[in-house]
Amino acid sequence: MPVKNRFAELLPEITAWRRDLHENPEILFETHRTSALVAEKLREFGCDEVVTGIGRTGVVGVIKGKTDTSGKVIGLRADMDALPILEATGLAYASKTPGAMHACGHDGHTAMLLGAAKYLSETRNFDGQVVVIFQPAEEGGGGGREMCEDGMMDRWNITEVYGMHNWPGRPVGSFAIRPGAFFAATDQFEIIIEGKGGHAAKPQETVDSTLVAAHVITALQSIASRNADPVDQVVVSVTSIESSSKAFNVIAQRVHMKGTVRTMSKGMRDLAEKRLKAISEGTAGAFGAVAAIKYHRGYPCMVNHEDQTAFAAEVARSVSGGCEDAPLVMGGEDFAFMLEERPGAYILVGNGDGASVHHPEYNFNDDAIPAGCSWWAGIVEQRMPAA
Ligand SMILES: [Zn+2]
Ligand SMILES: [Zn+2]
């Protein structure tokens, strides 16, 4: 099954949806226009059921095959949200909302899954059911988690779930995947160093929170270099440091730092959290200061299931003639929550050369649409062949 001819016919229509979505980006759970548009299209295609308001602004559509004896219900998931970025592409269909932009290609993901839903509603050439899942708030809001918490998996008896993301730097329409841990767990921390402020010319009367913060930042790098097994992945980044002093002659009473920890296993995640706390508190204590730590666990590590990954790669090979082994990604992906509830797999589809995701000049490549849509259709038709 190479790229399906039907998607070549539908390409202008799917591209028009994609560009309309690009022009009207919405952030986090505020995907009101997008969700309404998706629900309207799914009804127009003749989906058997369309439900809005799952995970606040998420949308679910059900498409039944010609027969329904396989006992399989396959979930296909796309994300709909944009990012708080000022677009700099200069495109004719650039964002009409200053400060909001589809800089991660979720406009393309939504359009491709809509295209697949249209095709699957027309043909229904499978034995089972398809649940198309359109989620809000992938970019840090945990929209996927909220859809799961709303009981989506049990409500529609979903048996497997699949996801896809465009990938700049890979040839357009080519695929890459890996089994097991794929995207990192993304945790956030804040460290507040409380010292004793005073005159910069009388350091002996102070506890310099800025100096303590500098030692803490340096010491935190020993988590990756000394505590972690060198073959296991961990990133600790302090990304923000703010002192309570705004003057050149005042030693700050307090320093507030923020950062992120990225890991690929539960053991490493636990170790990094434990060591971050111990190093911050111990270092601060050694200087006579006090460290208060807030540690927030964000998205878990996204783990592809073996069987579904092998199948997803087989479908990718049938669409584009090959499927490469993807490298580990230290970014996060909230499809992780869906993969914690059901077996499934997440694949990358090439976006060609151009700006990387989250860059103000990024744009989704419409040439990837036929391959992306054909992969969705293949997942359904090859996993649940018509009786
Ligand atoms: Zn993103
Ligand atoms: Zn994304």
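Focus: the domain arrangement of the protein chain
In terms of domain boundaries, the protein chain breaks down into domain 1 (5–182 + 301–383) and domain 2 (185–299). Taking only C-alpha atoms into account, the centre of domain 1 sits 38 Å from that of domain 2. Listed by partner, the interface residues are 17 residues for domain 1 and ten residues for domain 2. In total, about 950 Å² of surface goes out of reach between domain 1 and domain 2, with carbon and sulfur atoms giving 70% of it. Contact with domain 2 buries area across many residues of domain 1, yet Cys301, Leu328 and Met330 alone supply 58% of it, more than any other trio. Seen at the junction of domain 1 and domain 2, the total is zero salt bridges. Counting across the interface, domain 1 meets domain 2 through five residue pairs in polar contact (both at pLDDT 80 or more). Residue composition of the side of domain 1 that touches domain 2, grouped by class: eight nonpolar, five polar and four charged.

Examining the packing of aromatic side chains
Using the criterion set out here, one finds twelve aromatic pairs in the structure. With 5.4 Å between their ring centres and 80° between their planes, Phe183 and Tyr346 make a pair best called edge-to-face. On the criterion of sequence distance, the pair formed by Phe183 in strand β7 (residues 180–183) and Tyr346 in strand β16 (residues 344–350) is long-range, its members being 163 residues apart. Across the pair, Tyr346 and Phe183 agree in class, each one buried. Residues Tyr299 and Phe337 carry aromatic rings whose centres are separated by 5.8 Å and whose planes lie at 85° to one another, so their mutual orientation is edge-to-face. Taken together, the positions of Tyr299 in the loop between β13 (290–297) and β14 (302–304) and Phe337 in helix α9 (residues 335–341) put the pair 38 residues apart, joining distant regions of the chain.

A closer look at the side chain of Glu138
Counting through the fold element by element, Glu138 comes out in the loop between β4 (129–135) and α4 (143–149). Buried charge Glu138 goes without a salt bridge, the closest partner of opposite sign being Arg77 at 4.8 Å. Not counting residues within four places of it along the chain, the set of residues in contact with Glu138 comprises Arg77, Asp79, Asp81, His106, Tyr299, Gly332, Glu333 and Asp334.

Observations regarding the coordination of the zinc ion (ligand 2)
Protein-derived coordination of the zinc ion (ligand 2) comes from Cys104 (SG), His106 (NE2) and His165 (NE2), at a distance range of 2.1 to 2.3 Å. Site description for the zinc ion (ligand 2): donor spacing in sequence, C-x1-H-x58-H. In this structure the zinc ion (ligand 1) is found 3.1 Å away from the zinc ion (ligand 2), and Cys104 serves as a bridging donor for the pair.

As for the pattern of salt bridges
Once their charged atoms are close, side chains differing in charge can pair, the charge on each being opposite to the other. Under the definition given, this model contains 23 salt bridges. A salt bridge links Arg342 to Asp154; the shortest N-O distance between them is 2.8 Å. Of this pair, Arg342 sits in the loop between α9 and β16 while Asp154 sits in helix α5 (residues 152–155), and the two are 188 residues apart along the sequence. Residue Arg342 is classed as buried on the basis of its relative accessible area, which comes to 17%. As a salt-bridge pair, Arg297 and Asp270 come within 2.7 Å of each other at their nearest N and O atoms. Taken together, the positions of Arg297 in strand β13 and Asp270 in helix α7 (residues 266–286) put the pair 27 residues apart, joining distant regions of the chain. Taking relative accessible area as the criterion, Arg297 reaches 31% and is therefore assigned partly exposed. Assessed through its relative accessible area of 29%, Asp270 is described here as partly exposed. One salt-bridge network, in which partners are shared between bridges, spans Lys266, Asp270, Glu273, Lys277 and Arg297.

Conventions and cut-offs
- Residues numbered from 1 in each chain as written.
- Chains lettered and ligands numbered in written order.
- Predicted model: local features only at pLDDT ≥ 70, side-chain atom pairs only at ≥ 80, totals over all residues.
- Heavy atoms only, no water.
- Domains from an automatic or database assignment.
- Contact = heavy atoms within 4.5 Å.
- Buried area = accessible area lost by both parts, 1.4 Å probe.
- Salt bridge = Lys/Arg side-chain N within 4 Å of Asp/Glu carboxyl O.
- Polar contact = N/O pair within 3.5 Å; in protein donor to acceptor, adjacent residues only side chain to side chain.
- Nonpolar A, V, L, I, M, F, W, Y, C, P; charged D, E, K, R; others polar.
- Phe/Tyr/Trp six-rings, centres within 6.5 Å; stacked < 30°, edge-to-face > 60°.
- Helix = DSSP H or I, 4+ residues; strand = E, 2+ residues; numbered from the N terminus.
- Buried < 20%, exposed > 50% of the residue type's maximum accessible area, 1.4 Å probe, protein only.
- Lys, Arg positive; Asp, Glu negative; His and termini not counted.
- Donors = N, O, S within 2.8 Å, 3.2 Å for Na, K, Ca; no water.

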